Amino acid sequence: MTTQPDDSLLLGTLVQAVPGETGAPVLQVTERGALWLRQGRIAATGTADRVRAVAPEGVAVHDHGGRLILPGFVDAHIHLPQTDIIASHGEHLLAWLERYAFPVEEAFSDETVAAEVSGFFLEELLRNGTTTAVVLGSVHPQSVEALFREAHARGLRLVAGKLLMDRNCPAALRDGPGLGLDQSRELIRRWHGVGRLRYALTPRFAPACSAAQLRGIAKLAEQHPDVYVHSHLAESRGELDWVRHVFPEQASYLDVYRDFGLLRRRALFAHCIHLDQNERERMATAGAAAVFCPTSNLFLGSGLFDYAACRRAGLRIALGTDVGAGTSFSMLRTAAEAYKVAALQGAPPSPAELLYLMTRGGAEALYLDDHIGSLEVGMEADCVVLDPGATPLLARRAACCESVDELLFAILMLGDDRHVAAVYTGAIRYTPVADG
Ligand code: GUN
Ligand code: ZN
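Okay, the domain arrangement of the protein next. Along its sequence, the protein is organised into domain 1 (2-71 + 375-430) and domain 2 (73-365). Counting residues at the interface gives 32 residues for domain 1, matched by 29 residues for domain 2. With both sides pooled, the region where domain 1 packs onto domain 2 buries about 2500 Å², and carbon together with sulfur makes up 66% of that total. Where domain 1 touches domain 2, the interface holds five salt bridges. For Glu380, the salt bridge is made with Arg196, and the minimal N-O distance between the two is 2.3 Å. If you look at where domain 1 meets domain 2, you find seven residue pairs in polar contact (both at pLDDT 80 or more).

As a volume, the largest pocket reaches approximately 220 Å³. Arg311, Leu315, Ile317, Tyr356 and Glu364 are, among the 15 residues lining the largest pocket, the residues nearest its centre. Those elements that provide at least two residues to the lining of the largest pocket are α11 (307-312), β14 (316-319), α13 (351-358) and α14 (360-365). Residues that form the lining of the largest pocket fall into these classes: eight nonpolar, three polar and four charged.

Our focus in this paragraph is the site of ligand 1. Taken together, the neighbourhood of ligand 1 is formed by His79, Gln82, Leu93, Trp96, Leu97, Arg204, Phe205, His232, Glu235, His271, Asp322 and Ala325. Contact between ligand 1 and Arg204: an oxygen atom at 2.7 Å from a side-chain N or O atom of the residue. Taking Asp322, its side chain carries an N or O atom lying 2.9 Å from a nitrogen atom of ligand 1. For ligand 1, the accessible surface in isolation is 280 Å², of which the surrounding protein chains cover 100%. The element that contributes the greatest number of residues to the shell around ligand 1 is helix α2 (residues 93-106), accounting for three residues. Classifying every residue of the shell around ligand 1 gives five nonpolar, four polar and three charged.

Applying the stated rule across the entire model yields one cavity of 30 Å³ or more. Considered as a void within the structure, the largest cavity measures approximately 100 Å³ in volume. Lining the largest cavity are 14 residues, with His79, Leu93, Leu97, His232 and Glu235 sitting closest to its centre. At three residues, the largest contribution of residues to the lining of the largest cavity is made by α2. A per-class count over the lining of the largest cavity returns six nonpolar, four polar and four charged.

Let us look at the pairing of strand β3 (residues 25-38). Sheet topology places strand β2 (residues 7-19) next to β3; twelve bridges connect them, and they run antiparallel. Directly across from Leu10, in β3, lies its bridge partner Leu35. Adjacent in sequence and paired antiparallel, β2 and β3 are bridged by five residues, among which Gly23 carries a positive phi angle near 100 degrees. Between β3 and the antiparallel strand that follows it, strand β4 (residues 41-47), lie two residues; Gln39 among them carries a positive phi value of about 50 degrees.

Protein coordination at the zinc ion (ligand 2) comes from His77 (NE2), His79 (NE2), His232 (NE2) and Asp322 (OD), with a distance range of 2.0 to 2.4 Å. Around the zinc ion (ligand 2), the four donor atoms sit at angles spanning 91 to 166 degrees, and that spread fits a shape best called irregular. Each donor residue of the zinc ion (ligand 2) lies on one chain, and together they are spaced H-x1-H-x152-H-x89-D. Of this pair, His77 sits in strand β6 (residues 73-79) while His232 is found in strand β11 (residues 228-233), placing the two residues 155 residues apart along the sequence. The exposure classification of His77 matches that of His232, with both residues buried.

Take the packing of aromatic side chains next. Two measures describe an aromatic ring pair: the distance that separates the ring centres and the angle between the ring planes. Applying the stated criterion across every chain yields a total of nine aromatic pairs. Judged by centre distance (5.4 Å) and plane angle (25 degrees), the ring pair of Phe148 and Trp191 falls under stacked. Of this pair, Phe148 sits in helix α4 (residues 141-154) while Trp191 sits in helix α5 (residues 177-191), placing them 43 residues apart in sequence. Given the relative accessible area of 0%, Phe148 is considered buried. Considering the side-chain rings of Tyr257 and Phe269, the 4.9 Å spacing of their centres and the 40 degrees angle between planes classify their relative orientation as tilted. With Tyr257 in helix α8 (residues 253-259) and Phe269 in strand β12 (residues 267-271), this pair connects stretches of sequence that are twelve residues apart. For Tyr257, a relative accessible area of 1% corresponds to the buried category. Note on Phe269: relative accessible area 0%, which makes it buried. Put simply, the rings of Phe148, Trp191 and Tyr199 pair up and form one aromatic cluster.

What counts, and where the lines are drawn
Residues numbered from 1 in each chain as written. Chains lettered and ligands numbered in written order. Predicted model: local features only at pLDDT ≥ 70, side-chain atom pairs only at ≥ 80, totals over all residues. Heavy atoms only, no water. Domains from an automatic or database assignment. Contact = heavy atoms within 4.5 Å. Buried area = accessible area lost by both parts, 1.4 Å probe. Salt bridge = Lys/Arg side-chain N within 4 Å of Asp/Glu carboxyl O. Polar contact = N/O pair within 3.5 Å; in protein donor to acceptor, adjacent residues only side chain to side chain. 1 Å grid on protein atoms, 1.4 Å probe; cavity = no way out; pocket = protein on both sides within 12 Å on 5 of 7 lines; lining within 4 Å. Points joined across faces, edges and corners; volume = space filled by probe spheres on them. Helix = DSSP H or I, 4+ residues; strand = E, 2+ residues; numbered from the N terminus. Nonpolar A, V, L, I, M, F, W, Y, C, P; charged D, E, K, R; others polar. Near = heavy atom within 4 Å. Areas by Shrake-Rupley, 256 points an atom, 1.4 Å probe, with all protein chains shown as cover. Pairing = 2+ DSSP bridges. Donors = N, O, S within 2.8 Å, 3.2 Å for Na, K, Ca; no water. Tetrahedral: all angles 85-135°; square planar, octahedral: opposite > 155°, others 65-115°. Buried < 20%, exposed > 50% of the residue type's maximum accessible area, 1.4 Å probe, protein only. Phe/Tyr/Trp six-rings, centres within 6.5 Å; stacked < 30°, edge-to-face > 60°.

Pasting the structure below:
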């Protein structure tokens with residue numbers, strides 16, 4: 001992996017997903033296209049001839065040939081401390097948390113551990129073409145300090161926060177309502193709005209937070225309307241039963257967040273499987289977003305996210321890997337599982353919808369679609385170059401494709417990190433392979 005500052009002209013086939021006239025996403029393809037990237041932004045886009053005419057003489061040209069140039073991927077839900085427990089066997093959500101997640105998170109009280117894992121974690125995101133991620137740290141503020149520092153150095157767009165949890169978890173992982181809020185306030189002061197970094201208030205999930213803590217989080221969120229709220233919602237049946245027991249006065253799991261003032265714009269809720277249509281619509285009206293995490297939902301046996309119903313409700317939907325319950329850092333693999341989960345429910349999404357979910361849809365969920373998620377002039381220079389020729393099977397399948405639509409679908413189903421030829425994130429270029 002090499003890095004260099006970038007002011008350059010990229011040549012290749014430009015592919016992005018944009019809203020169509022009926023509301024359903026459509027693909028926009030520019031064959032023999034070009035992007036002129038200047039000082040971390042897209043300065044011109046279109047056919048190679050047109051962009052060459054406006055770019056300055058002598059600009060560095062990166063000719064990616066017939067490879068596809070897509071907007072950088074948005075992973076809207078991933079846990080930093082769970083990197084080392086990915087692929088741990090045999091449990092449903094609540095037992096998995098006790099057996100695997102909580103123990104590994106304790107190590108993040110040590111900032112050296114957090115810094116080392118953060119370096120690996122961010123390189124892994126970049127290697128997979130992810131240029132924006134929404135990340136949960138551990139309960140320890142130093143885990144997020146280390147993460148923000150490492151992300152800033154790499155030019156990534158990151159929304160992150162320390163977990164808030166003051167009950168129903170191991171004593172070593174409890175912050176207490178006052179302390180957790182003080183730590184969050186200080187992290188907002190230090191990092192929110194620094195370069196491409198943003199803060200997310202991150203109550204782990206309702207049953208791990210006292211009423212006092214939830215109330216305090218809502219108050220802090222009200223003081224900082226542009227700070228995110230990030231949590232889990234309606235992931236497994238066992239969790240739902242537990243929430244009913246812990247919050248007997250609330251009508252539903254969603255109502256716990258609603259009643260405590262956390263259902264709002266810039267609130268992201270991972271999973272959202274066991275909801276009814278009225279709840280999906282209420283989330284949509286509030287301007288909150290659901291994060292679909294298919295590899296995690298299948299791996300833990302949590303259930304099937306109803307993508308079509310969420311679309312009907314007009315809900316903002318993003319895609320997340322949810323590592324370490326999720327089984328891959330690759331948003332290509334994640335999109336493939338999203339397709340299968342929706343297909344199982346009789347509504348397979350189009351290639352354009354899948355690409356939308358992992359780019360512009362994620363950007364909309366974050367209210368960042370005027371900065372990231374598409375290849376328009378003025379957008380931040382986040383893009384990923386995919387090479388279908390990188391593996392024999394996909395190369396063979398690609399040779400049979402008659403349209404970019406068909407090729408994109410094959411890449412989404414068969415692709416992974418091996419097909420990421422280069423990644424541009426803000427002002428930095430990463431090339432996992434020799435200069436292309
Ligand atoms: N719900 C509360 N905490 C977690 C977590 O760490 N992973 C997942 N998948 N669900 C959760
Ligand atoms: Zn999660």
